[in-house]
Amino acid sequence: QVQLVESGGGLVQPGGSLRLSCAASGSIFRIYAMAWYRQAPGNQRELVASITRGGSTDYVDSVKGRFTISRDNAKNTMYLQMNSLKPEDTAVYYCKGNVQVWAGTSLLDYWGQGTQVTVSS
């Protein structure tokens, strides 16, 4: 079994910062690409940022320059540093990992349960 657990969400004022973490545990041989998604009420889930195992990153335009994705492969953990937060960043944030459970097996996507981020004064 593989579990991804997000933490670090909460209520923050506009202009504030939060740091999300996503810790993976269980039967893991290697984690390849990881990503953060978010879903606001009434909206589809959208990709916010992604990072390869080697550290290459990509961001949705709306968060470029404000959010930074990073990971620690030794700890099977991914982070999202969110600065200059705006009310439109309010959503449930989910992490996803592309996981190889055993050497030579197929890669499977695993999701966390989500953490709420609310940006409001």
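This text follows the structure it describes.
Rules used in this analysis
- Residues numbered from 1 in each chain as written.
- Predicted model: local features only at pLDDT ≥ 70, side-chain atom pairs only at ≥ 80, totals over all residues.
- Heavy atoms only, no water.
- Helix = DSSP H or I, 4+ residues; strand = E, 2+ residues; numbered from the N terminus.
- Rg over C-alpha atoms; globule rule 2.2 N^0.38 Å.
- Buried < 20%, exposed > 50% of the residue type's maximum accessible area, 1.4 Å probe, protein only.
- Contact = heavy atoms within 4.5 Å.
- Areas by Shrake-Rupley, 256 points an atom, 1.4 Å probe, with all protein chains shown as cover.
- Lys, Arg positive; Asp, Glu negative; His and termini not counted.
- Charge placed at Lys NZ, Arg CZ, Asp CG, Glu CD.
- Core = buried A, V, L, I, M, F, W, Y, C linked by side-chain atoms within 4.5 Å.
- Pairing = 2+ DSSP bridges.
- Axes fitted to C-alpha atoms, helices over the stretch in contact; angles between N-to-C directions.
- Salt bridge = Lys/Arg side-chain N within 4 Å of Asp/Glu carboxyl O.
- Polar contact = N/O pair within 3.5 Å; in protein donor to acceptor, adjacent residues only side chain to side chain.
- Phe/Tyr/Trp six-rings, centres within 6.5 Å; stacked < 30°, edge-to-face > 60°.
- Lys NZ or Arg CZ within 6 Å of the ring centre and 35° of its normal.

Participant: Summarise the overall build of the protein chain; cite the residues concerned and give the values.
Facilitator: Each helix and strand in the protein chain was counted, giving 0 helices and 11 strands. Taken from N to C terminus, the helices and strands of the protein chain fall in the order β-β-β-β-β-β-β-β-β-β-β. On C-alpha atoms alone, the protein chain measures out to a radius of gyration of 14 Å, which is about the 14 Å that the 2.2 N^0.38 rule sets for 121 residues. A buried classification covers 40% of the 121 residues belonging to the protein chain. For the protein chain, the proportion of contacts with a sequence separation of at least 24, taken over those separated by at least 6, is 54%. Total accessible area on the protein chain is roughly 6300 Å²; 47% of this is exposed by carbon and sulfur atoms. Of the charged side chains in the protein chain, 11 are positive and 8 negative, and the gap between their average positions amounts to 6 Å.

Participant: Outline the nonpolar core, supporting the account with residue identities and numerical values.
Facilitator: In terms of nonpolar packing, the biggest core is built from 30 residues, with Trp36, Phe67, Ile69, Met78, Leu80, Met82 and Tyr93 touching the most fellow members. Excluding residues that lie within four positions of it along the chain, Met82 makes contacts with Gly16, Ser17, Leu18, Leu20, Arg66, Phe67, Tyr93 and Val117.

Participant: Provide a residue-level description of the sheet that holds strand S8 (residues 77–82), including the pertinent values.
Facilitator: Strand order in the open sheet formed by 4 strands is S1-S3-S8-S7, and the pairing between neighbours is antiparallel. A single partner strand is all that each edge strand has here, and the edge strands are strand S1 (2–7) and strand S7 (67–72). Each neighbouring strand pair of the sheet contributes to a mean axis angle of 15 degrees, computed without reference to strand direction.

Participant: Tell me about the pattern of salt bridges, and name the residues and values.
Facilitator: Under the defined criterion, the tally for this structure stands at 5 salt bridges. Close ionic contact of Glu46 with Arg38 constitutes a salt bridge, the shortest N to O distance being 2.6 Å. Classification of Arg38 as buried rests on a relative accessible area of 7%. The partner of Lys96 in a salt bridge is Asp109, and the shortest N-O contact between them spans 3.9 Å.

Participant: Please set out the side chain of Asp89 residue by residue, giving values where relevant.
Facilitator: Along the chain, Asp89 turns up in the loop between S8 and strand S9 (91–100). The buried category is assigned to Asp89, whose relative accessible area is 1%. Within polar-contact distance, the side chain of Asp89 engages the side chain of Arg66 at 2.8 Å. Excluding its chain neighbours within four sequence positions, the residues that come into contact with Asp89 are Arg38, Arg66, Phe67, Ser84, Val117 and Val119.

Participant: Can you break down the packing of aromatic side chains residue by residue, with the values?
Facilitator: Enumeration over the complete set of coordinates arrives at 1 aromatic pair. When the ring of Tyr37 is compared with that of Trp111, the centres are 4.8 Å apart and the planes differ by 55 degrees; the resulting orientation is tilted. Linking Tyr37 in strand S4 (residues 30–39) with Trp111 in strand S10 (residues 107–111), this pair joins segments that are 74 residues apart in sequence. Lying across the ring of Tyr79, Arg19 places its NZ or CZ 4.1 Å from the centre.

Participant: Explain the pairing of strand S5 (residues 46–51) residue by residue, including any values.
Facilitator: In terms of strand pairing, S4 meets S5 through 5 bridges, oriented antiparallel. Looking at the pairing, Arg38 lines up with Glu46 of S5. Taken together, S4 and the strand that follows it, S5, pair antiparallel across an intervening segment of 6 residues, in which Gly42 is found at a positive phi of about 80 degrees. In this sheet, strand S6 (residues 57–59) lies alongside S5 in antiparallel orientation, the contact comprising 3 bridges. Considered in S6, the bridge of Ser50 is made with Asp58. Between S5 and S6, which follow one another and run antiparallel, lie 5 residues, and Gly55 among them has a positive phi close to 105 degrees.

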